[in-house]
Amino acid sequence: MNQMKFPKRYLIVILTFVSTCVCYIERVGFSIAYTVAADAAGINQSSKGTILSTFYYGYACSQVPGGWAAQKIGGRKVLLLSFVLWSSTCFLVPLDPNRVTILVVARLLVGVAQGFIFPSIHTVLAQWVPPHERSRSVSLTTSGMYLGAAMGMLVLPSLVKFKGPQSVFLAEAALGVMWSLLWFEYATDPPRSEHPKATAAGFGESLLPTKASQKIKVENGGSTVRTSKIPWKRILVSRPVWAIVVNNFTFHYALYVLMNWLPTYFEQGLQLSLQEMGSSKMMPYFNMFIFSNIGGVLADHFITKRIMSVTKTRKFLNTIGFIVASLALIALPIFRTSGGAIFCSSVALGFLALGRAGFAVNHMDIAPRYAGIVMGVSNTAGTLAGIIGVDMTGKLLEAAKAEYSDLSSPESWRSVFFIPGFLCIFSSFIFLLFSTGERIFD
């Protein structure tokens, strides 16, 4: 009697989920470790914002090249290279807030290396995952970001307290190396036999990288010429692509501002200790993990049961997610207790994650062959949001501190949370007007 075989594409999705989890443990870990070290060294808020945003400069530079590299040589190989590079950097670099040049170079390198990750992942998933599984596969993979952030917020403050900030870097490097070994051992490119109808469905071996004008076999025994030329102009002027870009910018503006500045908000805005908050401080990110997967399951259910078209499904979930998130962000500084702040930030981040079942899967709807390229373009915008949002928030808080003498008043934080709230409303309307769930790039 034959045993049921575990589909290889499920293993690929699980490994990509773990990869995003590890990456966000690193990002949250640096924010926590650096904040502690910088406060101990007397570094001001504006300077902290500059260092925290340095990562995103490197991250922005490698998004489109990452998509191009994944398209040309394969997302599997590029993803492995990325992990090896950033893990090595974390292992080798000392965390000393007074050695600014070394920190800046290190964060730029980590940013460049991690910039290849999501374009590579989208290329891999477009190759392995059939259309009717894409929403929940992408949602599960990206939910690793939030689970990683939640785990980082739960565990790493205690690690910093007992072992010091540098221990965070070593722990992150160890996780990166372990994942790299797993990926090297188990990840492969999809064979045509895995999905016999892959070419017609728009995934599988038909999306693997090819050399220019390479001939491939077709089902009737003949051959056809497939070119690897990327339609850059069509991508860059496409309104559905720009709908994704605008929403990616807004999502990451809100996410990166909260990820990098929530520790400061809890400690200086609400006069709370991260260590004493216990597991409650991880709830915003854990909520993202839950809602991201709910969004993926709902989207695939609506599509496979034909309750809604792909286009209507993407627009519906994106709009609900971003509008509710905007209300929670605007209300956040009104609540002056830990419970209220945790509730608002959890609702905001949870519904933003729900919205990813709209815009974040849309890359593979409109351009499955060029999913890594489109992801690179849109994630460049998301990274610029990190640069602008994280750095500008530091300047806003420094100005508020000068005006109100400290950061404990709600007025000091109102503009910090109002800006992403307004952007969520604006972006949801852009997606309603210009997005589509139809394939527009062959």
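Relevant structure appears above.
Residues numbered from 1 in each chain as written. Predicted model: local features only at pLDDT ≥ 70, side-chain atom pairs only at ≥ 80, totals over all residues. Heavy atoms only, no water.

A. Quick peek at the packing of aromatic side chains. All chains considered together, the criterion is met by 19 aromatic pairs. For the ring pair Tyr265 and Phe266, a centre distance of 6.3 Å and an interplane angle of 45° mean the geometry is tilted. This pair shows no difference in class: Tyr265 is buried, exactly as Phe266 is. One aromatic cluster is present, built from ring pairs that chain together Phe55, Tyr56, Tyr59 and Tyr256. The ring of Phe30 carries Arg107 above its face, with NZ or CZ at 3.8 Å from the centroid. Seen from the ring of Phe251, Arg356 lies directly overhead, with NZ or CZ sitting 4.8 Å from the centre. (Phe/Tyr/Trp six-rings, centres within 6.5 Å; stacked < 30°, edge-to-face > 60°. Buried < 20%, exposed > 50% of the residue type's maximum accessible area, 1.4 Å probe, protein only. Lys NZ or Arg CZ within 6 Å of the ring centre and 35° of its normal.)

B. Main features of the layout of surface pockets. A volume near 190 Å³ is recorded for the second largest pocket. Listing elements by their share of the lining of the second largest pocket, those giving two or more residues are helix 7 (134-163), helix 13 (283-304), helix 14 (310-331) and helix 16 (362-366). Looking at side-chain class alone, the lining of the second largest pocket contains 6 nonpolar, 3 polar and 6 charged residues. (1 Å grid on protein atoms, 1.4 Å probe; cavity = no way out; pocket = protein on both sides within 12 Å on 5 of 7 lines; lining within 4 Å. Points joined across faces, edges and corners; volume = space filled by probe spheres on them. Helix = DSSP H or I, 4+ residues; strand = E, 2+ residues; numbered from the N terminus. Nonpolar A, V, L, I, M, F, W, Y, C, P; charged D, E, K, R; others polar.)

C. Just helix 15 (residues 338-359), in detail. With 22 residues, helix 15 extends 31 Å from end C-alpha to end C-alpha; this agrees with the ideal 32 Å at 1.5 Å per step. Where burial is concerned, most of helix 15 is hidden: 19 out of the 22 residues are buried. (Expected span 1.5 Å × (residues − 1).)

D. Up close: the pattern of salt bridges. Applying the stated criterion to the full structure yields 6 salt bridges. As a salt-bridge pair, Glu133 and Arg9 come within 2.9 Å of each other at their nearest N and O atoms. Here Glu133, found in the loop between helix 6 (117-128) and helix 7, pairs with Arg9, found in helix 1 (residues 8-40); they are 124 residues apart in sequence, far enough to count as distant. For Glu133, a relative accessible area of 7% gives the class buried. Taking the shortest distance from any N to any O, the salt bridge between Arg107 and Glu26 comes out at 2.7 Å. Of the two residues, Arg107 sits in helix 5 (residues 100-115) while Glu26 sits in helix 1, which places them 81 residues apart along the sequence. (Salt bridge = Lys/Arg side-chain N within 4 Å of Asp/Glu carboxyl O.)

E. Structural detail: the environment of Ser279. As for its position among the elements, Ser279 is in the loop between helix 12 (274-277) and helix 13. Given the relative accessible area of 46%, Ser279 is considered partly exposed. Along the sequence, Ser279 and Ala150 sit 129 residues apart, while their C-alpha atoms lie 9.0 Å from each other.

F. Layout of the side chain of Ser82. For Ser82, the position within the fold is in helix 4 (residues 75-92). The contact partners of Ser82, leaving out residues within four places of it in the chain, are Ala113, Gln114, Phe116 and Ile117. (Contact = heavy atoms within 4.5 Å.)

G. Expanded view of helix 1. For helix 1, which comprises 33 residues, the first-to-last C-alpha distance of 48 Å matches the rise-based estimate of 48 Å (1.5 Å per residue) to within 8%. With 25 of 33 residues buried, helix 1 is to be regarded as a mostly interior element. Gly42 sits one or two residues past helix 1 and shows a positive phi near 75°.

H. Representation of the state of the cysteines. A full pass over the atoms with the stated rule returns 0 disulfides. For the unlinked cysteine Cys90, the closest cysteine sulfur is that of Cys23, found at 9.8 Å. In this structure Cys90 comes out as buried when scored by relative accessible area, which is 3%. (Disulfide = S-S within 2.5 Å.)

I. Representation of unusual backbone geometry within the structure. Although it is not a glycine, Arg306 adopts a positive phi angle of roughly 60°. As for its placement among the helices and strands, Arg306 is situated in the loop between helix 13 and helix 14. Overall, Arg306 belongs to the exposed group, its relative accessible area being 76%.

J. The arrangement of the nonpolar core in detail. Of all hydrophobic cores here, the largest spans 120 residues; its most connected members are Tyr34, Trp86 and Tyr285. Look past the residues within four positions of Tyr34 in its chain and what remains in contact with it is Ile43, Ser47, Lys48, Ile51, Leu52, Leu95, Pro97 and Leu103. (Core = buried A, V, L, I, M, F, W, Y, C linked by side-chain atoms within 4.5 Å.)

Keep in mind that these numbers describe shape and distance, not what the molecule does.
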